[in-house]
Amino acid sequence: MMAEKGLDALVCLSPENVAYTAGYVIPSQPLMRWRHAATVLHGDGRSAIVCIDMEETTVRRAEKDAEIRIWKEFVERPMVVLAELLTDWGLESARVGTELSYLSFADHAEIAALVPGLDFVAADALLTSARQIKTPDELALLERLARISDTAIKTSFESVRAGSTEMDIAAALTRSVYEQGAQQFKLMIVATGERSQLPNVGPTNRILLPGDVCRVEIFSVIDGYQAGVCRTAVVGEPPAEAERVYQNLVDCKHQVFEAIRPGASSREVYDVFRSKFDELGLPAISFVAHSIGTNLHEAPYFGPYSNEKVEAGMVLGMEPLVYRSGFGFGMQIKDMIVVEDSGTRLLSDVTDTDSLFRIEA
């Protein structure tokens, strides 16, 4: 892909693309923006890592072949060390791709001054495209993560009842995620009762009441890869209209699942979703699926504003949902799926999503 774009080298700077190209997370990079790390890929096959001295032992333990350049915190500047590497590799007048959507204005200005002959060009789209088609190892990891997330949610629903709190759900979720071998988690959503209408909220001390709709989602993470699963449950008997709204989402799930296959259009898949969802007369969000891997959301989005071709090897989060149903609750079904030559395959079936999960009242 670099050759097709006429690139002599590629510099990856964002946590998601460093994880994608290196195969692991440099721990403090996603936490502190100024602790820059980079993977540098030369067109001749060489590779190198640039990282802060704090992370040197972690990187050296993971890297067997790549060259490693260390910058000392408080003493050296990461762009200086990166510029020295590019110069040492004879790239001072080369065409080098990088993530211009991630590189700050100040960092770009610094490296441009340090290597004035360097032609830095945007490679964001190249990296996004490369991440879309998963290798067998990536697929195996994402399938494992999908089952971890799904199992954790099922375990959390089974561990609570009316009178428990959202924090109790969260405690069971996180314990299960770690017990199953995940390294961490991202974007844990625990939204019950009237809070189930809120998109991305964490747990509170709210007490579960009979009739509460509970929307729970979690992204389990290993080596920078993540898989998000969302399930909807009800405490005891569901409130009025809940079964009708949920059954519509189930029908949407099956129709979208069947529509996603190699050669399909992402926009046409969304149209399939809307043709069923609109029967509810409720507001729909602007996508029904998206790619996923080293970022929570990745292109392509399956919505009205994109029209990309579906390809075998894509791993997607498929999520028919409604936040504001007008009945005091929101509902969501999110599954991890992989596109294969013959169609689409579910990556986790731990929880049966064809009916509402019942939490003991």
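In what follows, the structure referred to is the one given above.
Here's what I pulled together on the structure shown here. Everything numeric here is computed off the predicted structure, so don't read it as measured data.

1. Let's talk about the environment of V229
Here is step 1: Structurally, V229 is set in strand β9 (residues 225-235).
Here is step 2: With near-sequence residues (within four places) excluded, V229 lies in contact with A146, S149, D150, I153, V216, E217, I218, K334 and M336.

2. Things to note about the pattern of salt bridges
Here is step 1: Tallied over the full model, the rule gives 29 salt bridges.
Here is step 2: Across the pair K154 and E158 runs a salt bridge, and its minimum N-O distance is 2.6 Å. Of this pair, K154 and E158 both sit in helix α6 (residues 136-159), four residues apart, which is roughly one turn of that helix.
Here is step 3: Here R274 makes a salt bridge to D278, at a shortest N to O gap of 2.9 Å.
Here is step 4: Taking relative accessible area as the criterion, R274 reaches 27% and is therefore assigned partly exposed.
Here is step 5: It is possible to trace a salt-bridge network through shared partners that takes in E67, R69 and D88.

3. Quick notes on unusual backbone geometry
Here is step 1: The omega torsion across A299 and P300 is 5°, close enough to zero to call that bond cis.
Here is step 2: One can find P300 in strand β11 (residues 298-301).
Here is step 3: Phi is positive for L187, which is not a glycine, with a value near 45°.
Here is step 4: The topology assignment puts L187 in strand β7 (residues 184-192).
Here is step 5: You can call L187 partly exposed: its relative accessible area is 33%.
Here is step 6: The phi dihedral of E241 is positive, around 75°, even though this residue is not glycine.
Here is step 7: Examined against the element boundaries, E241 turns out to sit in the loop between β9 and α8 (242-259).
Here is step 8: We classify E241 as partly exposed; its relative accessible area is 33%.

4. Here we look at the nonpolar core
Here is step 1: By size, the foremost hydrophobic cluster in this structure holds 35 residues, and its most contacted members are F157, L173, V315, M336 and I359.
Here is step 2: Those elements that provide at least two residues to this core are α6, α7 (166-179), β7, β8 (213-222), β9, β15 (335-340) and β17 (357-359).
Here is step 3: The element contributing the most residues to this core is α6, with nine residues.
Here is step 4: For I359, the residues in contact, after removing those within four places along its chain, are F157, V160, R161, C214, A233, V234, V235 and G236.

5. Regarding the sheet that holds strand β4 (residues 67-71)
Here is step 1: An order of β4-β3-β2-β1-β5-β6 is seen for the six strands of this open sheet, with the pairing classed as mixed. Unpaired on one side and paired on the other, β4 and β6 (119-122) mark the two borders of the sheet. Across the sheet, the mean angle separating the axes of adjacent strands is 25° when strand polarity is ignored.
Here is step 2: As paired elements, strand β3 (residues 47-52) and β4 share five bridges and run parallel to each other. Within β4, the position partnered with A48 by the bridge is E67.
Here is step 3: Sheet contacts for helix α3 (residues 78-88): β1 (9-12), β2 (38-42), β3 and β4; angle to β4, the most-contacted strand, approximately 150°.

6. Some words on the packing of α3 against helix α4 (residues 105-114)
Here is step 1: Two elements in contact, α3 and α4, have axes separated by 9 Å at closest approach and are oriented at 40°. Relative to α4, α3 is oriented oblique. Here the hand of the crossing between α3 and α4 comes out right-handed. Of α4, the residues touching α3 (which contributes M79, V80, L82, A83 and L86) are D107, E110, I111 and L114.

7. Here's the deal with α3
Here is step 1: Turning to α3, its buried residues are P78, M79, V81, L82, A83, L85 and L86.
Here is step 2: In this structure, the buried side of α3 is in contact with β1, β2, β3, β4 and α4.
Here is step 3: Taken from the residues just after α3, G90 is the one with a positive phi, measuring 75°.

8. Some words on the environment of I222
Here is step 1: With respect to the helices, strands and loops of the structure, I222 is situated in strand β8.
Here is step 2: Judged by its relative accessible area of 5%, I222 falls in the buried class.
Here is step 3: Separated by 197 residues in sequence, I222 and V25 have C-alpha atoms that sit 8.9 Å apart.
Here is step 4: Those residues in contact with I222 that sit more than four places away from it in its chain are L141, R144, L145, I148, G181, A182 and Q183.

9. Section: α7
Given 3.6 residues to a turn, an α-helix orients residues that are three or four positions apart in the same direction.
Here is step 1: Along its 14 residues, α7 runs 20 Å from first to last C-alpha, staying within 8% of the 20 Å computed at 1.5 Å per residue.
Here is step 2: Here α7 has its buried residues at E166, I169, A170, A172, L173, T174, S176 and V177.
Here is step 3: Here α7 starts with a cap whose side-chain oxygen sits 3.2 Å from the backbone nitrogen of M167, and that cap is T165.

10. With respect to the pairing of β8
Here is step 1: The buried count for β8 comes to ten of ten residues, which makes it a mostly enclosed element.
Here is step 2: Two elements, β7 and β8, share seven bridges in a ladder whose sense is antiparallel. Pairing of T192 across the sheet is with C214, part of β8.
Here is step 3: With ten bridges joining them, β8 and β9 adopt antiparallel strand pairing. Residue F219 lies in a different strand from β9, and its bridge partner there is G228.
Here is step 4: Between the end of β8 and the start of β9, which pair antiparallel, lie two residues, with D223 showing a positive phi angle near 55°.

Scoring rules and cut-offs
- Residues numbered from 1 in each chain as written.
- Predicted model: local features only at pLDDT ≥ 70, side-chain atom pairs only at ≥ 80, totals over all residues.
- Heavy atoms only, no water.
- Helix = DSSP H or I, 4+ residues; strand = E, 2+ residues; numbered from the N terminus.
- Contact = heavy atoms within 4.5 Å.
- Salt bridge = Lys/Arg side-chain N within 4 Å of Asp/Glu carboxyl O.
- Buried < 20%, exposed > 50% of the residue type's maximum accessible area, 1.4 Å probe, protein only.
- Core = buried A, V, L, I, M, F, W, Y, C linked by side-chain atoms within 4.5 Å.
- Pairing = 2+ DSSP bridges.
- Axes fitted to C-alpha atoms, helices over the stretch in contact; angles between N-to-C directions.
- Parallel < 35°, antiparallel > 145°, perpendicular 65-115°, else oblique.
- Left-handed = near helix turned anticlockwise from the far one by under 90°.
- Expected span 1.5 Å × (residues − 1).
- Polar contact = N/O pair within 3.5 Å; in protein donor to acceptor, adjacent residues only side chain to side chain.

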